[in-house]
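# Understanding the architecture of this molecule
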Amino acid sequence: MAQYKGAASEGGRAMQLMKKREKQREHMEQLKQKIAEENMVKSNIDKKFSAHYDAVEAELKSSTVGLVTLNDMKAKQEALVKEREKQLAKKEQSKELQLKLEKQKEKKRKEEQKRKIASLSFNPDGEEEEGEEEDDRDDDVPIKKKKLGKNPDVDTSFLPDRDREEEENRLREELRQEWERKQEHIKNEEIEITFSYWDGSGHRRTVKMKKGNTIQQFLQKALEILRKDFSELRSAGVEQLMYIKEDLIIPHHHSFYDFIVTKARGKSGPLFNFDVHEDVRLLSDATVEKDESHAGKVVLRNWYEKNKHIFPASRWEPYDPEKKWDKYTIR
């Protein structure tokens with residue numbers, strides 16, 4: 001059976017109405033309070049203006065006894081108003097002067113406090129000498145403040161020192177710029193590179209490059225030299241060529257400078273020498289490290305893919321800068 005819910009719903013609606021009326025009453029109270037505050041501010045302003053004219057009126061009544069003419073009355077009133085305004089202006093000036101004096105006292109107090117704190121880590125004798133010198137000088141001559149020196153007996157190395165840090169930063173920047181200039185000079189130095197185009201037999205050529213040039217730039221120049229003598233290279237691009245140095249396949253993005261400054265070594269000789277002596281494989285003791293090297297090889301990539309199982313291509317492997325060749329692997 002359905003139940004009768006009329007009383008409950010009426011009760012809920014009555015509760016909502018009560019809450020609504022309560023909010024309205026609170027809102028009205030807030031408005032009343034705001035209006036009262038505004039009226040109070042206005043009354044205070046009016047009192048400030050009325051106080052001035054009340055004082056003038058009182059003085060005017062006391063100074064005009066008996067019958068006086070209208071012109072005398074107006075003149076007297078204007079004189080009293082001006083006198084009253086002067087008094088108020090003097091009062092304001094005295095207040096400003098008092099405030100200024102208080103600020104100066106506060107400033108002196110802070111400076112004295114800073115001086116006391118500074119004397120804990122600086123030599124107090126220097127301060128006394130400074131005071132004696134200032135007494136002997138003429139008052140008309142401007143006194144140059146003497147900079148306090150650090151007390152050599154106090155360790156202040158742990159404290160931040162802006163001048164010292166700026167000097168260190170300046171020196172570091174000068175050293176960095178000098179190092180960069182030297183490296184740039186090294187990169188612009190010319191070297192003569194002897195290489196061999198390898199197609200199963202060697203065909204030696206030489207080319208002049210800068211130490212800062214990359215392997216790709218070197219291969220491009222080598223290709224221009226070799227094209228007129230080898231027909232298979234006339235349609236080839238630099239990306240189809242490989243550079244083999246000391247049995248390592250050198251990536252195109254490396255520069256000669258990279259190997260020179262790091263003194264890099266390969267499997268069969270140094271990577272940082274590009275002139276040619278005797279092949280280290282022909283020496284009596286090939287495992288002994290020397291500065292002698294042999295010509296790097298320029299090879300077509302498709303030739304390498306066909307012959308990588310045959311000597312000498314079977315010895316070649318990609319260059320890994322993390323891998324160190326402490327001894328040459330010649331047997």
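Bear in mind that the values here come from a model prediction, so they are computed numbers and not experimental data. The residue numbering used here restarts from 1 in each chain and proceeds along that chain's sequence as written. Where local features are concerned, this predicted model is filtered to residues with pLDDT of at least 70; where side-chain atom pairs are given and counted, the filter is 80 or more; whole-chain, interface and lining totals use all residues. Side-chain metrics in this entry use all non-hydrogen atoms of the structure; hydrogen atoms and water are not considered.

A tally of regular secondary structure across the chain gives seven helices and six strands. Strands here mean DSSP runs of E at least two residues long; helices mean DSSP runs of H or I at least four residues long; both are numbered from the N terminus. Listed N to C, the secondary structure of the chain is α-α-α-α-β-β-α-β-β-α-β-α-β in terms of helices and strands. Within the span of the chain, comprising 331 residues, buried residues form 25% of the whole. Throughout, a contact is declared for two residues whenever any of their heavy atoms are within 4.5 Å. For the chain, contacts bridging at least 24 residues in sequence account for 55% of all contacts bridging at least 6. Throughout this description, buried means an accessible area under 20% of the type-specific maximum (1.4 Å probe, protein chains only), exposed means over 50%, and partly exposed covers the range between.

Right, let's talk about the packing of aromatic side chains for a bit. A pair of Phe, Tyr and Trp rings is counted when the ring centres sit within 6.5 Å of each other, with Trp represented by its six-membered ring. The angle between the planes then sorts it: under 30 degrees is stacked, over 60 is edge-to-face, the rest tilted. In this structure the tally under the stated criterion is seven aromatic pairs. A ring pair is formed by F218 and Y243, whose centres lie 5.0 Å apart and whose planes are at 70°; its orientation type is edge-to-face. With F218 in helix 5 (residues 215-226) and Y243 in strand 3 (residues 241-245), this pair connects stretches of sequence that are 25 residues apart. The burial state of F218 is the same as that of Y243; both residues are buried. Where W303 meets W316, the ring centres are 6.5 Å apart and the plane angle is 40°; that geometry is what we call tilted. Of this pair, W303 sits in helix 7 (residues 301-307) while W316 sits in the loop between helix 7 and strand 6 (317-318), and the two are 13 residues apart along the sequence. Connected via pairs of aromatic rings, a cluster forms that spans F195, F218, Y243 and F256. Just above the ring of Y257 sits the side chain of K187; from NZ or CZ to the centre is 4.9 Å. Comment: the charge-over-ring label is applied if NZ (Lys) or CZ (Arg) is within 6 Å of the ring centre and within 35 degrees of the ring normal.

Each reported salt bridge corresponds to a side-chain nitrogen of Lys or Arg within 4 Å of a carboxyl oxygen of Asp or Glu. Counted under the stated rule, the structure contains 14 salt bridges. A salt bridge links E167 to R170, with the shortest nitrogen-to-oxygen separation between them at 2.4 Å. A residue pair is termed a helical-turn pair when its members lie 3 or 4 positions apart in one helix, as E167 and R170 do in helix 4 (residues 162-187) at three residues. The shortest N-O distance in the salt bridge between K308 and E305 comes to 3.2 Å. With a relative accessible area of 40%, K308 lands in the partly exposed category. The exposure class of E305 is partly exposed, given its relative accessible area of 44%. Taken together, the salt bridges that share partners define one network made up of E167, R170 and E174.

With that out of the way, let us pick up the sheet that holds strand 3. Taken in spatial order, the six strands of this open sheet run 2-1-5-3-4-6, and their pairing is mixed. Bordering the open sheet on either side are strand 2 (202-210) and strand 6, each of which pairs with just one other strand. Here the rule is simple: two strands pair whenever DSSP picks up at least two bridges between them. For strand 3 and strand 4 (residues 248-250), the ladder comprises three bridges, and the chain directions are antiparallel. Looking at strand 4, one finds that K245 is bridged to L248. To obtain each axis, a line is fitted to C-alpha atoms, and for helices this fit is confined to the stretch in contact; angles are then taken between N-to-C directions over 0 to 180 degrees. Strands strand 1 (190-198), strand 2, strand 3, strand 4 and strand 5 (296-300) of the sheet are contacted by helix 5, whose axis makes an angle of about 130° with strand 2.

Let us look at the nonpolar core. Remark: nonpolar core denotes a set of buried residues (Ala, Val, Leu, Ile, Met, Phe, Trp, Tyr, Cys) joined through side-chain atoms within 4.5 Å. F218, L219, L233, I250 and W316 are the most contacted members of the largest nonpolar core, which has 37 residues in total. Those elements that provide at least two residues to this core are strand 1, strand 2, helix 5, strand 3, strand 4, helix 6 (256-262), strand 5 and helix 7. In this structure, W316 is in contact with W198, I244, D247, I249, K297, V299, W303 and Y304, ignoring residues within four places of it in sequence.

The subject of this paragraph is the pairing of strand 5. Where a strand is regular, its side chains alternate between the two sheet faces. Of all five residues in strand 5, five are buried, a share of seventy percent or more. The alternating pattern of strand 5 places G296, V298 and L300 and K297 and V299 on opposite faces, both of which are buried. Pairing between strand 3 and strand 5: four bridges, direction antiparallel. Across the sheet, residue Y243 finds its bridge partner in strand 5, namely V298.

Turning to the pairing of strand 2, a few remarks are in order. Bridging between strand 1 and strand 2 involves nine bridges; their strand directions are antiparallel. By the bridge assignment, F195 is partnered in strand 2 with R205. Hairpin connection from strand 1 to strand 2: three residues lie between these consecutive antiparallel strands, with G200 at a positive phi of about 115°.

A word on helix 5. Residues separated by three or four positions in an α-helix point in the same direction, a consequence of the helix having 3.6 residues per turn. Helices are assigned an expected span. That span is 1.5 Å times one less than the residue count. For helix 5, built from 12 residues, the straight-helix expectation of 16 Å at 1.5 Å per residue is met to within 8% by its first-to-last C-alpha distance of 16 Å. Tucked inside the fold, the buried residues of helix 5 contact strand 1, strand 2, strand 3, strand 4, helix 6 and strand 5.

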